[in-house]
Amino acid sequence: MPSQHIVKSGDTLSGIAKKHGFSSWKDIYHAPENAAFRKKRPNPDKIFPGDVVVIPDGKTATPGGRFPPVVPCPFPGAGQGNAAPLGTPGPVSSIAPSNSPPSNFAFVSPRQAALARQASALQFVQAAIAGIERALDQGTVPGASKIPAVTEESKALTVHFKTERHINPLQQAQELRGTFVKILQVILRADEVFVDEIEELASSFAWAIPGGVAFPTHPRNGRIHFCPPFVPRGPLFQTVVIIHEAAHFVSRSILHVASELPAPKGTPVGSTKTYAAMTATEAMGNAYSYAQFALHMAVGFDKRIDPGAE
Ligand SMILES: [Zn+2]
């Protein structure tokens with residue numbers, strides 16, 4: 001249950017956050033429970049004795065009150081001069097996604113832009129699941145079969161998940177299927193899970209805490225955050241960003257190993273590995289691999305996404 005804190009003279013939101021085990025004042029100020037408080041005190045630096053602040057109960061989800069750290073997602077091509085400057089909401093009004101709100105609605109928020117891609121993200125992930133199931137049913141999982149990898153799904157398992165390098169390719173395929181089902185379940189809950197992010201890491205396209213799905217009551221960890229630079233992107237890129245973030249969100253071991261594009265466009269992230277050199281286990285811990293595999297299965301070939309080219 002959320003508790004309450006009555007502000008005393010000398011209190012600051014940072015101090016209150018620290019006292020209750022939160023790493024940032026934003027965890028408290030931006031908690032949904034404090035919507036009325038934000039309206040009353042629109043400047044977080046100006047709070048007054050007697051104010052009532054709700055302390056969200058998310059912190060009890062982890063022992064010691066520590067949440068997994070934020071991992072920004074440096075997408076290939078990001079930071080090459082085409083992202084909106086930090087902290088600037090950007091000219092989002094001029095670009096509307098395909099199933100956009102009525103024309104008298106001038107502003108498309110990052111969350112609205114992401115919700116407009118929910119259907120395509122679901123379709124891509126369903127294509128990924130169907131592809132893995134076909135490979136399992138037809139005995140074409142690479143490394144587990146004498147049949148050459150000629151189907152598109154077996155090629156995709158080889159390219160994105162290095163399945164033939166796995167010690168047990170069938171087990172890897174089953175695990176990947178399970179992860180994609182979890183990704184599907186998250187995207188089905190987009191209305192509840194996707195949120196606007198215009199402050200923290202607002203210069204990235206989006207971010208999610210790896211394994212954040214396990215912290216549903218925490219306003220920041222239990223959500224996928226979409227930032228202003230996401231809004232003007234092309235539909236394919238937006239769709240794969242959603243899958244990439246959902247992959248982080250469902251497992252704390254899905255991080256960044258290597259981007260799908262070769263340097264200099266997309267340098268390896270989080271290691272010196274290139275996409276081609278990953279082991280099967282590393283590929284399973286690489287958010288880009290899930291996004292690219294789903295895209296591959298949805299369009300029927302190995303399409304590498306380029307955020308600057310749509
Ligand atoms: Zn990421």
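Residues numbered from 1 in each chain as written. Predicted model: local features only at pLDDT ≥ 70, side-chain atom pairs only at ≥ 80, totals over all residues.

Student: What should I look at first to understand the overall build of the protein chain in this one?
Tutor: Each helix and strand counted, the protein chain has eleven helices and five strands in total. Counting only residues that meet the buried cut, the protein chain has 41% of its 310 residues in that class. Here the contacts in the protein chain between residues at least 6 apart in sequence split such that 71% fall between residues at least 24 apart. (Helix = DSSP H or I, 4+ residues; strand = E, 2+ residues; numbered from the N terminus. Buried ≥ 20, exposed ≤ 12 C-beta atoms within 10 Å, placed from the backbone. Contact = placed C-beta atoms within 7 Å.)

Student: It is not clear to me how the packing of helix α5 (residues 118–138) against helix α7 (residues 169–188) should be interpreted in this structure. Could you clarify?
Tutor: A pair of packed helices is characterised by two quantities: the angle between their axes and the separation of those axes. Axis separation between α5 and α7 bottoms out at 9 Å; the angle between their running directions is 160 degrees. Taken together, α5 and α7 sit at an angle that is classed as roughly antiparallel. For the crossing formed where α5 meets α7, the hand is left-handed. Note on element contacts: α7 touches α5 through A173, L176, R177, F180, V181, I183, L184, I187 and L188, opposite Q118, A121, L122, V125, Q126, A128, I129, I132, E133, A135 and L136. Taken together, the residues of the contact of α5 with α7 break down into 16 nonpolar, two polar and two charged. (Axes fitted to C-alpha atoms, helices over the stretch in contact; angles between N-to-C directions. Parallel < 35°, antiparallel > 145°, perpendicular 65-115°, else oblique. Left-handed = near helix turned anticlockwise from the far one by under 90°. Nonpolar A, V, L, I, M, F, W, Y, C, P; charged D, E, K, R; others polar.)

Student: Explain the sheet that holds strand β3 (residues 194–196) to me, please; I cannot follow it from the model alone.
Tutor: Sheet strands line up and pair through hydrogen bonds in the backbone, either parallel or antiparallel. Pairing within the open sheet is mixed, and its three strands lie in the order β3-β5-β4. Among the strands making up the open sheet, the edge pair consists of β3 and β4 (206–208). With strand direction ignored, the average angle separating the axes of adjacent strands in the sheet is 25 degrees. In this structure, β3 lies alongside strand β5 (residues 224–226), joined through three bridges in parallel fashion. Looking across to β5, one finds that D196 is bridged to F226. (Pairing = 2+ DSSP bridges.)

Student: Please explain the environment of R233 as it appears in this structure.
Tutor: Considering the arrangement of structural elements, one finds R233 in the loop between β5 and α9 (235–250). R233 gets classed as buried once you count the C-beta atoms within 10 Å, which come to 24. Considered as a pair, R233 and F205 are 28 residues apart in the sequence and their alpha carbons are 9.1 Å apart.

Student: What exactly am I supposed to notice about helix α6 (residues 152–161) here?
Tutor: Within an α-helix, residues lying three or four positions from one another point in the same direction, as the helix has 3.6 residues per turn. Taken across its ten residues, α6 has seven buried, putting it largely inside the fold. Within the sequence span of α6, burial applies to E153, S154, A156, L157, V159, H160 and F161. In this fold, the buried residues of α6 make contact with α5, α7, α10 (280–284) and α11 (287–299). Once α6 finishes, K162 follows within two positions and takes phi at roughly 50 degrees, a positive value.

Student: Explain unusual backbone geometry to me, please; I cannot follow it from the model alone.
Tutor: Positive phi outside glycine occurs at K162, with the angle close to 50 degrees. Along the chain, K162 falls in the loop between α6 and α7. Residue K162 is classed as buried on the basis of its C-beta count, with 24 C-beta atoms lying within 10 Å.

Student: What is the right way to look at the confidence of the model for the protein chain in this model?
Tutor: On average, residues of the protein chain score 81 in pLDDT, and 77% of them are at 70 or above. Note on residues 77–98: pLDDT is under 50 here. Beyond four places in sequence and across chains, it has 40 contacts. Across residues 100–105, confidence stays below pLDDT 50; counting only partners more than four residues off in sequence or on other chains, it has four contacts. (pLDDT = per-residue confidence, 0-100.)

Student: Explain the pairing of strand β2 (residues 52–55) to me, please; I cannot follow it from the model alone.
Tutor: Every second residue of β2 is oriented toward a common face, the buried set being V53 and I55 and the non-buried set V52 and V54. Direction of pairing for strand β1 (residues 3–6) relative to β2: antiparallel, over a ladder of four bridges. Following the sheet pairing, Q4 is matched in β2 by V54.

Student: How should the nonpolar core be read in this particular structure?
Tutor: Nonpolar side chains in soluble globular proteins tend to be buried together. Ranked by size, the top nonpolar core spans 64 residues in total, and within it V125, I183, I243, A246 and A294 carry the most contacts. Top element by residues in this core is α9. It accounts for ten residues. Beyond its immediate sequence surroundings of up to four residues, V125 is in contact with F180, I183, L184, I187, I243 and A294. The next biggest cluster of nonpolar side chains, apart from the first, holds seven residues, and it includes A17, F22, I28 and A31. (Core = buried A, V, L, I, M, F, W, Y, C linked by C-beta atoms within 7 Å.)

Student: Please clarify how α9 should be interpreted in this entry.
Tutor: With 16 residues, α9 should reach 22 Å at 1.5 Å per residue; the first-to-last C-alpha distance of 23 Å fits that figure. Along α9, 15 of the 16 residues are buried, which leaves the element largely enclosed by surrounding structure. (Expected span 1.5 Å × (residues − 1).)

Student: Just checking my understanding: could you explain the packing of α5 against α9 for this structure?
Tutor: Where α5 meets α9, the closest approach of the two axes is 9 Å, and the angle between their N-to-C directions is 65 degrees. Of the possible angle classes, the one that applies to α5 and α9 is roughly perpendicular. Once α5 is placed against α9, the crossing between them reads as right-handed. Contacts between α5 and α9 pair S120, A121, F124 and V125 from the former with P235, T239, I242 and I243 from the latter. For the contact of α5 with α9, the residue count by class is six nonpolar, two polar and no charged.

Student: Any chance you could explain the environment of V195 here in plain terms?
Tutor: Within the secondary structure, V195 sits in strand β3. On the neighbour-count criterion, V195 (18 C-beta atoms within 10 Å) is partly exposed. Considering only alpha carbons, one finds V195 and R220, 25 residues apart in sequence, at a separation of 9.0 Å. Residue contacts for V195: discarding those within four places in its chain leaves R111, R223 and H225.

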